[in-house]
Amino acid sequence: MSNKMWGGRFGSGPDPIMEDINASIHFDRHLYRQDIAASKAHAAMLAKKGIITAQDGKKIAHGLDTILSEIEAGKFSFKRALEDIHMNVESRLAALVGPAAGRLHTARSRNDQVATDFRLWVRDAIDEIDAALAAYQRALAEKALENAATVMPGFTHLQPAQPVTFGHHLLAYVEMAARDRGRFADARARLNESPLGSGALAGTSFPIDRGMTAKALGFARPMANSLDAVADRDFVLETLSACAITAVHLSRFAEEIVIWSSPLTGLVRLSDKFTTGSSMMPQKRNPDAAELVRAKTGRIVGALTGLLVVIKGLPLAYQKDLQEDKEGAIDAIGALALSLKAMTGMVGDIEPDVARMKAAAGEGYSTATDLADWLVRTLKLPFRQAHHVTGRIVAAAAEAGLALDKLPIEAMQAVEPRITKAVFSVLSVGNSVKSRAAYGGTAPNNVRTQAKAWLKRLKKKT
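Conventions used here
Residues numbered from 1 in each chain as written. Predicted model: local features only at pLDDT ≥ 70, side-chain atom pairs only at ≥ 80, totals over all residues. Heavy atoms only, no water. Helix = DSSP H or I, 4+ residues; strand = E, 2+ residues; numbered from the N terminus. Rg over C-alpha atoms; globule rule 2.2 N^0.38 Å. Buried < 20%, exposed > 50% of the residue type's maximum accessible area, 1.4 Å probe, protein only. Contact = heavy atoms within 4.5 Å. Areas by Shrake-Rupley, 256 points an atom, 1.4 Å probe, with all protein chains shown as cover. Lys, Arg positive; Asp, Glu negative; His and termini not counted. Charge placed at Lys NZ, Arg CZ, Asp CG, Glu CD. Axes fitted to C-alpha atoms, helices over the stretch in contact; angles between N-to-C directions. Parallel < 35°, antiparallel > 145°, perpendicular 65-115°, else oblique. Nonpolar A, V, L, I, M, F, W, Y, C, P; charged D, E, K, R; others polar. Patch = residues over 30% accessible without salt bridge, like charges linked within 9 Å, V, L, I, M, F, W, Y side chains within 5 Å. Salt bridge = Lys/Arg side-chain N within 4 Å of Asp/Glu carboxyl O. Phe/Tyr/Trp six-rings, centres within 6.5 Å; stacked < 30°, edge-to-face > 60°. Lys NZ or Arg CZ within 6 Å of the ring centre and 35° of its normal. Core = buried A, V, L, I, M, F, W, Y, C linked by side-chain atoms within 4.5 Å. Left-handed = near helix turned anticlockwise from the far one by under 90°. Expected span 1.5 Å × (residues − 1). Polar contact = N/O pair within 3.5 Å; in protein donor to acceptor, adjacent residues only side chain to side chain. Pairing = 2+ DSSP bridges.

A. Examining the overall build of the chain more closely. When helices and strands are counted, the chain shows 18 helices and six strands. The C-alpha atoms of the chain give 30 Å as radius of gyration, which overshoots the globular expectation for 462 residues (23 Å, by more than 25%). Burial status across the chain gives 47% buried among its 462 residues. Of the contacts formed within the chain by residues at least 6 apart in sequence, a portion of 75% connects residues at least 24 apart. Carbon and sulfur atoms make up 55% of the accessible area of the chain, which amounts to about 22300 Å² in all. Charge separation in the chain, taken as the distance between the mean sites of 59 positive and 49 negative side-chain charges, equals 5 Å.

B. Quick look at the packing of helix α3 (residues 32–48) against helix α4 (residues 54–72). At a closest axis distance of 9 Å, the pairing of α3 and α4 adopts a crossing angle of 170°. Put simply, α3 runs roughly antiparallel to α4. Contact with α3, carried on its side by Y32, R33, I36, S39, K40, A43 and A47, involves A54, G57, I60, A61, L64, D65, I67, L68, I71 and E72 of α4 and no other residues of that element. Residues that form the contact of α3 with α4 fall into these classes: 11 nonpolar, two polar and four charged.

C. Structural view of the side chain of T246. Take T246: it is sitting in helix α10 (residues 234–261). In this structure T246 comes out as buried when scored by relative accessible area, which is 0%. Aside from chain neighbours lying at most four places away, what touches T246 is L133, D180, F184 and L336.

D. Representation of a nonpolar patch on the surface. Taken together, the side chains of L201, L227 and L316 define a hydrophobic patch exposed on the protein surface, amounting to about 270 Å² of accessible area. The exposure class assigned to L201 is partly exposed, which follows from its relative accessible area of 39%.

E. Spatial organisation of the packing of aromatic side chains. Under the defined criterion, the tally for this structure stands at six aromatic pairs. On the basis of an interplanar angle of 70° and a centroid distance of 5.9 Å, the ring pair of F166 and W260 is categorised as edge-to-face. Of the two residues, F166 is situated in helix α7 (residues 166–191) and W260 in helix α10; the sequence distance between them amounts to 94 residues. Clustering of aromatic rings is evident, with ring pairs tying together F166, Y173, F253 and W260. Just above the ring of F219 sits the side chain of R123; from NZ or CZ to the centre is 5.1 Å. K326 extends its terminal NZ or CZ atom over the ring of F118, reaching a point 5.7 Å from the ring centre.

F. Layout of the environment of A189. One can find A189 in helix α7. Taking the C-alpha atoms as reference, A189 lies 55 Å from V423; in sequence the two are 234 residues apart.

G. Region of the structure containing the nonpolar core. Grouped together as the largest cluster of nonpolar side chains are 70 residues, with contacts concentrated most on F118, Y136, F253, L336, M343 and M346. In this structure F118 touches L31, F235, V236, D325, K326, A329 and I330, once residues within four positions along its chain are discounted.

H. Fine view of the packing of helix α6 (residues 110–146) against helix α12 (residues 324–349). Where α6 contacts α12, the axes come no closer than 9 Å and their chain directions differ by 15°. Relative to α12, the element α6 lies roughly parallel. In this structure, α6 meets α12 at a crossing whose hand is left-handed. Side by side, α6 and α12 meet where V114, F118, W121, A125, I129, A132, L133, A135, Y136, A139, L140 and K143 of the first sit next to D325, K326, A329, I330, I333, L336, A337, L340, M343, T344, V347 and G348 of the second. Grouping the amino acids of the contact of α6 with α12 by side-chain chemistry returns 19 nonpolar, two polar and three charged.

I. Up close: helix α5 (residues 85–97). An ideal rise of 1.5 Å per residue puts 18 Å on 13 residues; α5 measures up with 18 Å between its terminal C-alpha atoms. Residues of α5 that are buried include every one of I85, H86, M87, N88, V89, E90, L93 and V97, and no others. Taken together, the buried residues of α5 touch α2 (25–28), α3, α4 and α6. Structurally, the start of α5 carries an N-cap: the backbone nitrogen of H86 is 3.2 Å from a side-chain oxygen of D84.

J. Spatial organisation of the side chain of T297. Positionally, T297 belongs in helix α11 (residues 288–311). In contact with T297, other than residues within four places in its own chain, are A247, V248 and S251.

K. Geometry of the pairing of strand β2 (residues 159–165). Relative to β2, strand β1 (residues 151–156) runs antiparallel, the two being bridged by six bridges. From the neighbouring strand, M152 faces β2, where its bridge partner is V164.

L. Main features of the environment of A335. Relative to the helices and strands, A335 is located in helix α12. What makes A335 buried here is its relative accessible area of 5%. For the pair A335 and R299, spaced 36 residues apart in sequence, the C-alpha to C-alpha distance is 7.9 Å. Beyond its immediate chain neighbours, meaning those up to four positions away, A335 contacts K296 and I300.

M. Representation of the pattern of salt bridges. Tallied over the entire structure, the rule returns 22 salt bridges. Between R356 and E363 there is a salt bridge whose closest N-O contact spans 3.2 Å. Look at R356 and you get partly exposed, because its relative accessible area is 27%. The partly exposed category is assigned to E363, whose relative accessible area is 38%. Taken together, the shared-partner salt bridges connect E83, D84 and R110 into one network.

So this is what it looks like as C-alpha cells:
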C-alpha cells in the first residue's frame, strides 16, 4: 500500500529497504515542538487570508495543541511507516479533527516545512548553548578570582616557560568562550529568516502572507528566494562550525586537566564527582569526565565534516540528501551541551595544589626572561646581548644543579661583572608574576580586575 500522504501517483507500497532508508522519525521527532508551532502559525495565516475557513483554522489549532500535549505526556505513538515528524503529526491531526486536517498543507510543502522546523530547532539550541557557555564563563571567572595570585608554571611546547597565575590561565578560556558565543550569535542572526511559504521550490500561487508567519515564529523576515529557502543548509553548517570550534576549546582545557591531575605533575585535584576508579587497580582515580569531553570533540567535528560532504555536490533545489542534515547535527549539539555541563562542573570542582604549583613554576629556570629584562633595564644591555648573557648564567646554574635564584652572585658576575645582588629581586616566581602588569598580563591585580569585569558583564547579560 502506498503512503496516503503522497501516494496518489503510486500503485504499490515501497520495498521494506526503502522504508528503512527513507524514514527519519527516529531523529526528527526531536523537532515536534517546532513542527507544531510552525503548523499553527501557517494555519492561522491561511484562515486570516481566507484560504481556509476560520472554523477549520480553529479545529487545526486545537488538534495541534492536543498532539503537543500527547507527545509531551509520552502518549503519542510515532509510526515509522509515516516517515517523519511532519506526516506523523498530520496523520494524528486527521484522526482528531477529520477533513479539516487535510487543508493544513495548503500552500506548503514538506520542503519548506522541514527547513522552517529545523531553523527553529537550531535557533532554540543556540540559545541553550549560549546560556551554557555563559555558565561556564561564570565558573571560570569565579575560580580565577579565587586564584588571582596562585602562581603556576606557564608552558610553551609543554615545557616550563614563565610563571603565570592560575587565575590568568583560567581567564584565557573565558576569552575563548566569549568568541564562541559571538560565533553562535552571528549564526543565529543569519539563520533567523523564515522559509515557510516557499513551497516545494517555486513559491505558491495562493495569496499567503509570509510576513505574518515569519513574525509569529519570531523570525526577522521571510527568506527572499524560494529556491534558496528550501535548499539552504548554511545555517546548520555555520552552527556546527561554531560547535566544532567550541568543542576544540573545551578539549584543550580537558587535556590540561588530564595532565595537571596526573600524580606525575600533581598540579590539581578533582573530587569523586568527576573521576572514576579502575575495575582492577584500586588506587586509580581517572579523570574520565575530562577524557570524554576531549573525545566528544571528534563526534562534533565529524558532524560538521559529514554535512559539508553531503552538501558539496547538491544542485538546487531540495534533494533527499538533505535529510542527512539533522541526525549528525542533533547528536553534535547534544554532545556539546553535555560537554559544557561537564566542564562547568569540573571548573567548580577543581582544586589547585598551591604549593606544588608554586614549586613547579620555578622549575626549568622559568624566571630567566626576568633576568634578561633586568639586564636590559638596569645595565642597559641590548636585549639580544642580555639574552646571551642570561643563557650563559642559566647554563652555569644547570651545571651547578642549582635554581637560578640560588646561584651565587659570584657565578653570575663571572659572566657579567656589573650584575649586583639587586638581581635577586626579580628571580622569584612571585615577583615575576607581579611584574607582568601591562594590560593583558598575568599580574594578580590584572587578574582580579579582569575576573571582576567578566563577572559583572556576565551578570548583566543574564
